[in-house]
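A structural walkthrough
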Amino acid sequence: TIFYLLAMFALGMLMRNVAGAFDLIDKARIALLGHQWLGPFAYKLLSCSICSGFWCGIAIYLLETNFFSIRELIIWGLVGSAVVFIGDELLALRKD
């Protein structure tokens, strides 16, 4: 439904662009990027809207489902990639 699509987009925006209340999200993002082992992975993840969208889709699926299916997990990840990518592109067009 549209609710899950909006949740994927919101989670993607929160992960990549929003500072959050009292800059909590931004501080967590900076700490994650500064980590010795996770930092390079997190940088690649957060710099790619398709990659972060995939994981947002998976997170929403895992929060939503009662029955695990690898097929649906992959589909939700791909849908998350598309939603976050399209949302980022639309926001970029709006800024221009």
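Cut-off values and rules
- Counting from 1, residues in each chain are numbered in the order their sequence is written.
- In view of the model being predicted, local features appear only for residues whose pLDDT reaches at least 70, and side-chain atom pairs are presented and counted only at 80 or more, with totals across whole chains, interfaces and linings using the full set of residues.
- As a convention, hydrogens and water are excluded, and side-chain values are obtained from all of the structure's heavy atoms.
- Every helix listed is a DSSP run of H or I at least four residues long, and every strand listed is a run of E at least two residues long, numbered separately from the N terminus.
- Burial classes: relative accessible area under 20% of the type maximum marks a residue as buried, over 50% as exposed, and values in between as partly exposed (1.4 Å probe, protein chains only).
- For this analysis, residues touch if any pair of their heavy atoms sits within 4.5 Å.
- Expected span of a helix: the number of residues minus one, times 1.5 Å.
- An arc is given here, and it is the one of the directions from the helix axis to the C-beta atoms.
- Candidates for patches are residues over 30% relative accessible area with no salt bridge; among them, like charges are joined within 9 Å and nonpolar side chains (Val, Leu, Ile, Met, Phe, Trp, Tyr) within 5 Å.
- Values of accessible area rely on a 1.4 Å probe in the Shrake-Rupley scheme; residue burial ignores everything except the protein chains shown.
- The term salt bridge refers to a pairing of a side-chain nitrogen on Lys or Arg with a carboxyl oxygen on Asp or Glu at a separation within 4 Å.
- Axis geometry follows a simple rule: fit a line to the C-alpha atoms, using only the stretch in contact for helices, then measure angles between N-to-C directions, giving values from 0 to 180 degrees.
- Throughout this description, any angle smaller than 35 degrees is read as roughly parallel, any larger than 145 degrees as roughly antiparallel, any in the 65 to 115 degree range as roughly perpendicular, and the remainder as oblique.
- Left-handed describes a crossing whose near helix is turned anticlockwise from the far helix by less than a right angle; the clockwise case is right-handed.
- Gly is put with the polar residues, along with every residue not named as nonpolar or charged; the nonpolar set is Ala, Val, Leu, Ile, Met, Phe, Trp, Tyr, Cys and Pro, and the charged set is Asp, Glu, Lys and Arg.
- Two rings from Phe, Tyr or Trp (for Trp, the six-membered ring) form a pair when their centres are within 6.5 Å of each other. A pair whose planes differ by under 30 degrees is stacked, one over 60 is edge-to-face, and the rest are tilted.

1. Some remarks on the environment of Phe9
Mapped onto the secondary structure, Phe9 falls in helix α1 (residues 2-16). Since its relative accessible area comes to 24%, Phe9 is described here as partly exposed. For the pair Phe9 and Ile58, spaced 49 residues apart in sequence, the C-alpha separation works out to 12 Å. When neighbours within four sequence positions are excluded, Phe9 is seen to be in contact with Val83, Val84, Gly87, Asp88 and Leu91.

2. Some points on α1
In this model α1 runs 21 Å from its N-terminal to its C-terminal C-alpha over 15 residues, within 8% of the 21 Å that 1.5 Å per residue would give. Those residues of α1 not exposed but buried are Met8, Gly12, Met13 and Arg16. For α1, the angular spread of buried residues about the axis comes to 130°, placing them on one side. Relative to its buried face, α1 has exposed residues pointing more than 90 degrees away, namely Phe3 and Leu6. If you follow the buried residues of α1, they end up packed against α2 (24-34), α3 (38-47), α4 (49-64) and α5 (70-95).

3. As for the environment of Cys51
Within the secondary structure, Cys51 sits in helix α4. In this structure Cys51 comes out as partly exposed when scored by relative accessible area, which is 33%.

4. Some words on a nonpolar patch on the surface
There is a patch of nonpolar side chains on the surface, built from Ile2, Phe3, Leu5, Leu6, Ile75 and Val79 and spanning about 560 Å² of accessible area. Of all elements in the fold, only α1 and α5 reach the threshold of two or more residues within the nonpolar patch. Looking at the nonpolar patch element by element, the count peaks at 4 residues for α1. Relative to the assigned elements, Phe3 resides in helix α1. On the basis of relative accessible area, Phe3 is assigned to the exposed category, the value being 59%.

5. So, the packing of α1 against α4
Think of two packed helices as two axes; the pair is described by the angle between the axes and how far apart they sit. It is the contact of α1 with α4, at a shortest axis distance of 9 Å, that shows an interaxial angle of 125°. One way to sum up the angle between α1 and α4 is to call them oblique. The handedness of the crossing between α1 and α4 is right-handed. Facing Tyr4, Ala7, Met8, Leu11, Gly12, Met15 and Arg16 of α1, the residues of α4 in contact are Ser49, Ser52, Cys56, Gly57, Ala59, Ile60 and Glu64. Here the contact of α1 with α4 is composed, by residue class, of 8 nonpolar, 4 polar and 2 charged.

6. Focus: the packing of aromatic side chains
Inspection of every chain in the model, using the stated rule, returns 5 aromatic pairs. Ring geometry for Phe54 against Trp55: centres 5.6 Å apart, planes inclined by 90°, an arrangement best described as edge-to-face. Here Phe54 falls in the partly exposed class, since its relative accessible area comes to 23%. For Trp55, a relative accessible area of 45% corresponds to the partly exposed category. For the ring pair Tyr61 and Trp76, a centre distance of 5.7 Å and an interplane angle of 50° mean the geometry is tilted. One end of the pair, Tyr61, is in helix α4; the other, Trp76, is in helix α5, with 15 residues separating them in the sequence. Take Trp76: its relative accessible area is 17%, and that puts it in the buried class. Connected via pairs of aromatic rings, a cluster forms that spans Phe3, Tyr4, Tyr61, Phe68 and Trp76.

Remember, this is a structural readout, not a statement about activity or role.
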